[in-house]
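# Fold and geometry: a report
Given next are the chains, with one letter for each unit.
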Amino acid sequence: MYREKLLVVANQTVDSDELYDTLHARAEHGPLAVTLLVPQDQQTGLGQRVNAALDRLHAGGVEAEAMLGDVDPACAVIEVWDPRRWDEILVSTLPNSTSRWLQIDLPHRIQRAIDAPVSHIEAHPAGAASRN
């Protein structure tokens, strides 16, 4: 049976409800393997957020792994992209008004650089609703 393979680029939204819901919904339509690519930066608690995201995906029946990448998210994708390993890239960003990645048009930059299907979702950091 065919298994969809996604490379998910996320940082502050790696453990967000929106990203989890999107991935879980895809997994309900058939087998899904996810690789979380997290650009390295100085974000406090990044390791805990990545582990929490992996634990949640595994508990939801989604095959998932994670890797750290270049601090520049476009470079991170270009460095690891292998069309034999992944079918699509999913970029998870903060909402438009606060997303630095959207300000630099990251989804389109990635698509132009590697000529692969690129999807985008907007998400909020985990726990953002409780902080507002």
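Our subject is the structure listed above.
In this report, the structure presented in the accompanying data block is examined.

What counts, and at which threshold
- Residues numbered from 1 in each chain as written.
- Predicted model: local features only at pLDDT ≥ 70, side-chain atom pairs only at ≥ 80, totals over all residues.
- Heavy atoms only, no water.
- Helix = DSSP H or I, 4+ residues; strand = E, 2+ residues; numbered from the N terminus.
- Contact = heavy atoms within 4.5 Å.
- Buried < 20%, exposed > 50% of the residue type's maximum accessible area, 1.4 Å probe, protein only.
- Arc of directions from axis to C-beta.
- Polar contact = N/O pair within 3.5 Å; in protein donor to acceptor, adjacent residues only side chain to side chain.
- Core = buried A, V, L, I, M, F, W, Y, C linked by side-chain atoms within 4.5 Å.

So, on to the environment of L6. Summarising the element assignment, L6 is placed in strand 1 (residues 4–9). Sequence separation of L6 and A64 is 58 residues, and the distance between their C-alpha atoms is 9.5 Å. Dropping the residues within four chain positions of it, L6 is found in contact with L23, R26, L32, A33, V34, T35, W86 and E88.

The next subject is the environment of R3. Positionally, R3 belongs in the segment before strand 1. Look at R3 and you get partly exposed, because its relative accessible area is 34%. As for R3 and A126, which are separated by 123 residues in sequence, their C-alpha atoms are 28 Å apart. Here R3 is in contact with P31, L32, A33, E63 and D87, once residues within four sequence places are set aside.

Right, let's get into helix 3 (residues 73–80). Inspection of helix 3 places P73, A74, A76 and V77 among the buried residues, and these make up the whole buried set. Buried positions in helix 3, seen along its axis, are confined to an arc of 160° and lie on one side of it. Buried-residue contacts for helix 3 involve strand 1, strand 2 (32–39), strand 3 (63–69), strand 4 (88–93), helix 4 (100–103) and helix 5 (106–114). Residue D72 occupies the N-cap position of helix 3, its side-chain oxygen lying 2.8 Å from the main-chain nitrogen of A74.

Moving on to the nonpolar core. Membership of the largest hydrophobic core comes to 20 residues, with the highest contact counts inside it found for V8, V14, L19, L23, V34, L36 and L57. Mapped by element, the contributors of at least two residues to this core are strand 1, helix 1 (17–28), strand 2 and helix 2 (46–59). At 5 residues, helix 2 tops the list of elements feeding residues into this core. Non-local contacts of L19, meaning those with residues more than four positions away in its chain, are made with V8, A10, T13, V14, L90, S92 and I121. In this structure, W86, L106, I114 and A116 belong to the second largest nonpolar core, which totals 16 residues.

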